[in-house]
Amino acid sequence: MLQNADQTLNKLRRLISDGAIGADGRMPPERHLADELGVGRRSLRRALDILEQEGRITREQGRGTFVHANSNREAVAATPARSNGHGNGHHGHANGADAGIGAAFAAIPFDRILEFTNPIEVSEVRLAVEPVIARLAALRASQADIRRLEAALAETKNATDPLVYEKADEKFHRIIAEAARNALFLSLFDTFGASRRDSTWRRLSENAHCFKRQAVHAASHEEIYEAIAARNSERAYECMYRHLSDIQRHIYTYAFPQEPVEQRS
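Scanning the chain from N- to C-terminus turns up 12 helices and 2 strands. Starting at the N terminus and ending at the C terminus, the chain contains elements arranged as α-α-α-β-β-α-α-α-α-α-α-α-α-α. Counting the 265 residues in the chain, one finds 44% classified as buried. Taking the intrachain contacts of the chain between residues at least 6 apart in sequence as the baseline, contacts between residues at least 24 apart amount to 73%.

In structure tokens form, the structure reads like this:
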């Protein structure tokens with residue numbers, strides 16, 4: 001399901017970056033677009049939701065879906081590079097595409113990177129980075145850090161509404177980032193935190209990082225806390241990885257719910 005979700009979003013971005021849109025910027029109707037891309041209607045709608053939240057498209061009732069004038073460049077920046085493959089006929093084209101995408105990424109100031117990404121990509125980077133941060137925290141945390149982490153754990157357990165829980169959760173993870181004693185990791189963590197506070201992302205991120213699953217997340221937090229307090233760096237890594245994998249699954253489940261196989265006549 002995760003692979004199909006990525007493919008739907010990437011196909012849409014490629015369609016935009018290739019300029020395969022009408023002269024007025026209007027995208028084809030959903031039914032035709034789904035057939036053209038070979039994807040399901042529900043997955044297509046969720047991908048369009050993400051592009052709309054990123055500000056790359058606008059959906060107007062009764063008129064259709066329109067690509068913003070500056071979205072071609074942004075879509076290239078947000079689309080992963082194509083594989084070179086093994087065919088000689090495509091090798092030069094793929095290298096040119098890779099170079100263009102690399103240049104587009106390099107041109108994005110770090111303080112504006114959130115304008116060119118989305119919650120799914122943030123969850124992927126968190127999964128790559130935060131388990132390492134937890135491992136370092138287990139090795140480097142002071143006793144004061146561990147006491148602060150224990151207090152933050154209690155706050156996530158006792159939160160009485162979604163906003164309180166969200167703040168307590170971010171505090172818990174930031175204490176771990178501080179305890180890792182690595183300025184670059186802390187800067188990356190704060191970028192993740194800024195993505196949560198972006199109003200255009202809240203519907204997706206809140207449904208993925210949901211107050212309804214408070215007990216599950218709090219139990220994961222307790223495992224992470226215990227591993228760090230015990231100075232067990234490998235367990236801290238494993239517990240954080242498992243926790244963020246669970247969050248990532250729920251982001252994908254909300255953004256790209258499984259849909260029944262459509263019967264084709």
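Next comes the rest of the description.
Further remarks concern helix α3 (residues 41–53). For α3, which comprises 13 residues, the first-to-last C-alpha distance of 18 Å matches the rise-based estimate of 18 Å (1.5 Å per residue) to within 8%. Taken together, the buried positions of α3 are occupied by Ser43, Leu44, Ala47, Leu48, Asp49, Ile50, Leu51 and Gln53. Gly55 sits one or two residues past α3 and shows a positive phi near 85°.

Right, let's talk about the pairing of strand β2 (residues 64–67) for a bit. In this sheet, β2 lies alongside strand β1 (residues 57–60) in antiparallel orientation, the contact comprising 4 bridges. Paired with Thr58 across the strands is Phe66, a residue of β2. The loop that links β1 with its antiparallel partner β2 comprises 3 residues; one of these, Gly62, has a positive phi angle of about 85°.

Helix length check: helix α7 (residues 143–158) (16 residues) gives 23 Å between terminal C-alpha atoms against 22 Å at 1.5 Å per residue, within 8%. Among all positions in α7, only Asp145, Ile146, Leu149, Ala152, Leu153 and Thr156 are buried. With its buried residues spanning 120° around the axis, α7 presents them on a single face. In α7, the exposed positions angled more than 90 degrees off the buried face are occupied by Arg147 and Asn158. Each element contacted by the buried residues of α7 is listed here: α8 (162–179) and α11 (214–229).

Scanning all chains against the criterion turns up 14 salt bridges. The shortest N-O distance in the salt bridge between Glu30 and Arg45 comes to 2.9 Å. Linking Glu30 in helix α2 (residues 30–37) with Arg45 in helix α3, this pair joins segments that are 15 residues apart in sequence. Exposure remark for Glu30: the relative accessible area of 23% places this residue in the partly exposed category.

What follows covers the nonpolar core. Ranked by internal contacts, the top residues of the largest apolar core, which has 50 residues, are Leu12, Met27, Leu44, Phe172, Ile176 and Ile228. For this core, the element with the highest residue contribution is helix α6 (residues 119–140), accounting for 9 residues. Those residues in contact with Leu44, other than ones at most four positions away along the chain, are Thr8, Leu12, Glu30, Leu33, Ala34, Leu37 and Val39.

Mean pLDDT for the chain: 76, with 66% of residues reaching 70 or above. In the predicted structure, residues 72–94 sits below a pLDDT of 50 and forms 40 contacts with residues beyond four places in sequence or in another chain. Of the regions scoring below 50 in pLDDT, residues 96–105 engages in 12 contacts with residues more than four places distant in sequence or in other chains.

The next thing to look at is the packing of α2 against α3. Describing two packed helices takes the angle between their axes plus the distance from one axis to the other. α3 packs onto α2 with a crossing angle of 105° between their chain directions and a minimal axis gap of 10 Å. Our classification of the angle between α2 and α3 gives roughly perpendicular. Contacts between α2 and α3 involve Glu30, Arg31, Leu33, Ala34 and Leu37 from the former and Arg41, Leu44, Arg45 and Leu48 from the latter. Its residues assigned to classes, the contact of α2 with α3 shows 5 nonpolar, no polar and 4 charged.

Criteria and cut-off values
- Residues numbered from 1 in each chain as written.
- Predicted model: local features only at pLDDT ≥ 70, side-chain atom pairs only at ≥ 80, totals over all residues.
- Heavy atoms only, no water.
- Helix = DSSP H or I, 4+ residues; strand = E, 2+ residues; numbered from the N terminus.
- Buried < 20%, exposed > 50% of the residue type's maximum accessible area, 1.4 Å probe, protein only.
- Contact = heavy atoms within 4.5 Å.
- Expected span 1.5 Å × (residues − 1).
- Pairing = 2+ DSSP bridges.
- Arc of directions from axis to C-beta.
- Salt bridge = Lys/Arg side-chain N within 4 Å of Asp/Glu carboxyl O.
- Core = buried A, V, L, I, M, F, W, Y, C linked by side-chain atoms within 4.5 Å.
- pLDDT = per-residue confidence, 0-100.
- Axes fitted to C-alpha atoms, helices over the stretch in contact; angles between N-to-C directions.
- Parallel < 35°, antiparallel > 145°, perpendicular 65-115°, else oblique.
- Nonpolar A, V, L, I, M, F, W, Y, C, P; charged D, E, K, R; others polar.

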